[in-house]
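An overview of the molecular structure
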Amino acid sequence: MSTKKILVTGGAGFLGSHLCERLLANKHEVLCVDNCFTGNKKNIVHLLNNPHFEFIRHDVTFPLYLEVDEIYNLACPASPVHYQYDPVQTTKTSVHGAINMLGLAKRCKAKIFQASTSEVYGDPSVHPQKEDYWGNVNPIGIRACYDEGKRCAETLFFDYHRQHNLNIRVARIFNTYGPRMLPNDGRVVSNFIVQALENKDITIYGDGSQTRSFCYVDDLITAFISFMDMKENFPGPINLGNPVEFTILELANIVKELTKSQSKIILKPLPQDDPRQRQPDISLAKEKLNWEPKIHLKEGLLKTIAYFSKRD
């Protein structure tokens, strides 16, 4: 395997830090870029002494001038708490960030990966979701800054591909969990684990019958790298996630059981535009990447619980 110089935007975040780690293990040079809004240097501190790793504090809404072989564009707050904090900046990060990274890829003739999201499907009227489904998104709702920002980023990627023959990869990521998630990001797995470890009430929004599919981070990173390394010039989009569906109530009970928590489960009203069902059809990932998740929910949750138990 030849050594490549690889840029990871959002590289100090949850997914980005795991990706940087794996790319270094594969003997590549890694440039990690993050403005540390939701990323954290603690996630990459163990990599800073590696001579093949470099950290640059930078906001992707501004251009970046580097020489690289590949780009993974992961920069964007990905949980409702954080992307709704400054919705205009969230849209800018998705759109201006995509323009800047695509411009860099065009100049360097680099292959570029876009971390898109299952949120492009909105509150889906088709279940499970396949890549040819156009989605059901509220363009003026409180989640639109993220949903529409990511949809526009996909548009830009495919237009650069058609207009400039850029080598792109667009992945639509479904719920992913694991060590280095932020405890305050409002995501269901981290919420439940933090509440359970502190024996606080476990808060379910809605009646708990809404479903999610949970992919452990190591499985997802394997898919990212397989997608980038595939010989075929296949741009995507491709769904990456775990097709095994759980209700939110089932997840709460599993977390309670694994943490041996005394927490009570309480119900609160469902937020606006929160999807009722979210499950990927990963037939394309199986066919093109020979990939499907290997780590079962309980196994992944135990690793995530261990991380949160030790976190200061």
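Attention in this report is confined to the structure presented alongside it. All values reported here derive from a predicted model rather than from experimental measurement.

It is worth spelling out the packing of helix α7 (residues 248–259) against helix α9 (residues 297–310) at this point. Helix packing geometry: the angle between the two helix axes and the distance between the axes. Interaxial distance between α7 and α9 falls to 10 Å at its minimum, and their mutual angle equals 55°. By the angle between their axes, α7 is oblique relative to α9. With respect to the hand of their crossing, α7 and α9 are arranged in right-handed fashion. Judged by residue contacts, L251, I254, V255, E257, L258 and T259 of α7 engage L297, K298, L301, L302 and I305 from α9. Of the residues that constitute the contact of α7 with α9, the class distribution is eight nonpolar, one polar and two charged.

For the rest of this paragraph, the subject is the sheet that holds strand β4 (residues 70–73). The pairing of strands in a sheet comes from backbone hydrogen bonds and takes either a parallel or an antiparallel form. The seven strands lie next to each other as β3-β2-β1-β4-β5-β6-β11, forming an open sheet whose pairing is parallel. Here the strands that pair on one side only, and so sit at the sheet edges, are β3 (53–57) and β11 (238–240). In this sheet, neighbouring strand axes are inclined to one another by 20° on average, regardless of whether the strands run parallel or antiparallel. Alignment of strand β6 (residues 168–173) against β11, held across three bridges, turns out to be parallel. Each residue of the ladder has a partner; that of I173, found in β11, is L240. Relative to the sheet, helix α1 (residues 14–25) contacts β1 (5–9), β2 (29–34), β3, β4 and β6, its axis offset from that of β1 by approximately 170°.

Okay, the layout of surface pockets next. If a probe as big as a water molecule is rolled over the atoms, it shows which places are left empty. As a volume, the second largest pocket reaches approximately 190 Å³. Residue lining of the second largest pocket: V120, Y121, Y133, W134, R151, E154, T155, F158, R162 and R172, and that is the complete set. Broken down by element, the lining of the second largest pocket gets its largest block of residues, five residues, from helix α4 (residues 144–164). A breakdown of the residues in the lining of the second largest pocket according to their chemical character gives five nonpolar, one polar and four charged.

Counting residues in hydrophobic clusters, the biggest one holds 62 residues, and the most contacted among them are Y72, F224, L240 and L301. When residues in this core are grouped by element, the largest group, eight residues, is from helix α6 (residues 217–229). If near-sequence neighbours (up to four positions away) are discounted, Y72 is found in contact with I6, L7, V8, T9, L19, L23, F113, F224, I225 and M228. Of all hydrophobic cores here, the second largest spans 27 residues; its members include L7, L64, A110 and L156.

Counted by the stated rule, this structure contains 10 aromatic pairs. Ring geometry for Y83 and Y146: centres 4.5 Å apart, planes at 5°, overall stacked. With Y83 in helix α2 (residues 80–83) and Y146 in helix α4, the pair connects residues that are 63 residues apart, well separated along the chain. Neither residue differs from the other here; Y83 and Y146 are each classed as buried. Centre to centre, the rings of F113 and F227 are 6.2 Å apart; their planes meet at 75°, and the pair counts as edge-to-face. Here the residue F113 occupies a position in strand β5 (residues 111–117), and F227 occupies one in helix α6, the gap between them amounting to 114 residues.

Okay, unusual backbone geometry next. Looking along the chain, the bond that leaves H127 and enters P128 is cis, with omega of -10°. Secondary-structure assignment places P128 in the loop between β5 and α4. Each neighbour pair has its own omega, and for G236 with P237 the value is 0°, a cis peptide bond. Following the sequence through the fold, P237 ends up in the loop between α6 and β11. For K27, which is not glycine, the phi dihedral falls at a positive 70°.

Here we come to the state of the cysteines. The tally for this structure, following the rule as stated, stands at zero disulfides. C108 takes part in no disulfide bond, and the closest cysteine sulfur, belonging to C20, lies 17 Å away.

The end-to-end C-alpha distance of α9 is 20 Å, a good match for the 20 Å that 14 residues give at a rise of 1.5 Å each. Among the residues making up α9, those that are buried are L297, G300, L301, T304, I305 and F308. The buried residues of α9 all sit within an arc of 135° when viewed along its axis, so they share a single face. The elements touched by buried residues of α9 are β7 (176–177), α5 (188–197), β10 (215–216), β12 (245–247) and α7.

Our next topic: the packing of α5 against α7. Orientation of α5 relative to α7, taken along the N-to-C sense of each, is 40°, at an axis distance of 9 Å. Of the possible angle classes, the one that applies to α5 and α7 is oblique. Here α5 and α7 pass one another in a crossing that is right-handed. In this structure, α5 uses V188, V189, F192, I193, A196 and L197 to contact α7, whose residues at the interface are I248, L251, A252, V255 and T259. Grouping the constituent residues of the contact of α5 with α7 by class yields 10 nonpolar, one polar and no charged.

Attention now moves to the side chain of R180. On the secondary structure map, R180 appears in the loop between β7 and α5. The class for R180 is buried, based on a relative accessible area of 14%. Among the polar contacts made by the side chain of R180, one reaches the side chain of S17 at a distance of 3.1 Å. A distance of 2.7 Å separates polar atoms of two side chains, one belonging to R180 and the other to E21. Other than its neighbours up to four places away in sequence, R180 contacts F14, S17, H18, E21, N43, H46 and Y307.

About the thresholds
Chains are numbered independently. Their residues run from 1 in the order of the written sequence. Local features in this predicted model are restricted to residues of pLDDT 70 or higher, and side-chain atom pairs are both shown and tallied only at a pLDDT of 80 or more, whereas totals for entire chains, interfaces and linings draw on every residue. Side-chain measures were taken over the full set of non-hydrogen atoms in the model, leaving aside hydrogen atoms and water. A fitted line through C-alpha atoms represents every axis, and for helices the fit uses only the stretch in contact; the resulting angles, taken between N-to-C directions, go from 0 to 180 degrees. A run of H or I in DSSP becomes a helix once it reaches four residues, and a run of E becomes a strand once it reaches two; helices and strands are each numbered from the N terminus. Roughly parallel here means an angle under 35 degrees, roughly antiparallel means over 145, roughly perpendicular means 65 to 115, and every remaining angle is called oblique. Whether a crossing is left-handed or right-handed is set by the direction in which the near helix is turned from the far one by less than a right angle, anticlockwise for left-handed and clockwise for right-handed. The contact rule is simple, with two residues in contact once any of their heavy atoms fall within 4.5 Å. Any residue that is not Ala, Val, Leu, Ile, Met, Phe, Trp, Tyr, Cys, Pro, Asp, Glu, Lys or Arg is counted as polar, Gly included; the first ten are nonpolar and the last four charged. Two strands make a pair as long as DSSP finds a minimum of two bridges between them. Throughout, the protein atoms alone are placed on a 1 Å grid, and a set of points is a cavity if a 1.4 Å probe fits but cannot get out or a pocket if it is open with protein on both sides within 12 Å along at least five of seven lines; lining residues have an atom within 4 Å of a point. Grid points are joined across faces, edges and corners, and a volume is the space filled by probe spheres set on the points. As used here, the term nonpolar core means buried Ala, Val, Leu, Ile, Met, Phe, Trp, Tyr and Cys residues forming a set that is joined through side-chain atoms within 4.5 Å. Three labels apply to residues, based on accessible area from a 1.4 Å probe with only protein chains included: buried if under 20% of the type maximum, exposed if over 50%, partly exposed otherwise in between. Here is the rule: rings of Phe, Tyr and Trp (six-membered ring for Trp) pair when centre to centre is within 6.5 Å. Planes less than 30 degrees apart are stacked, more than 60 are edge-to-face, and the remainder are tilted. Our working definition of a disulfide is a cysteine sulfur pair at a distance within 2.5 Å. Take the number of residues in a helix, subtract one, and multiply by 1.5 Å to get its expected span. Directions from the helix axis toward the C-beta atoms define the arc. Any N or O atom pair separated by 3.5 Å or less is treated as a polar contact, with the protein-specific requirement of one donor-capable and one acceptor-capable atom, and with residues adjacent in sequence counted only for side-chain atom pairs.

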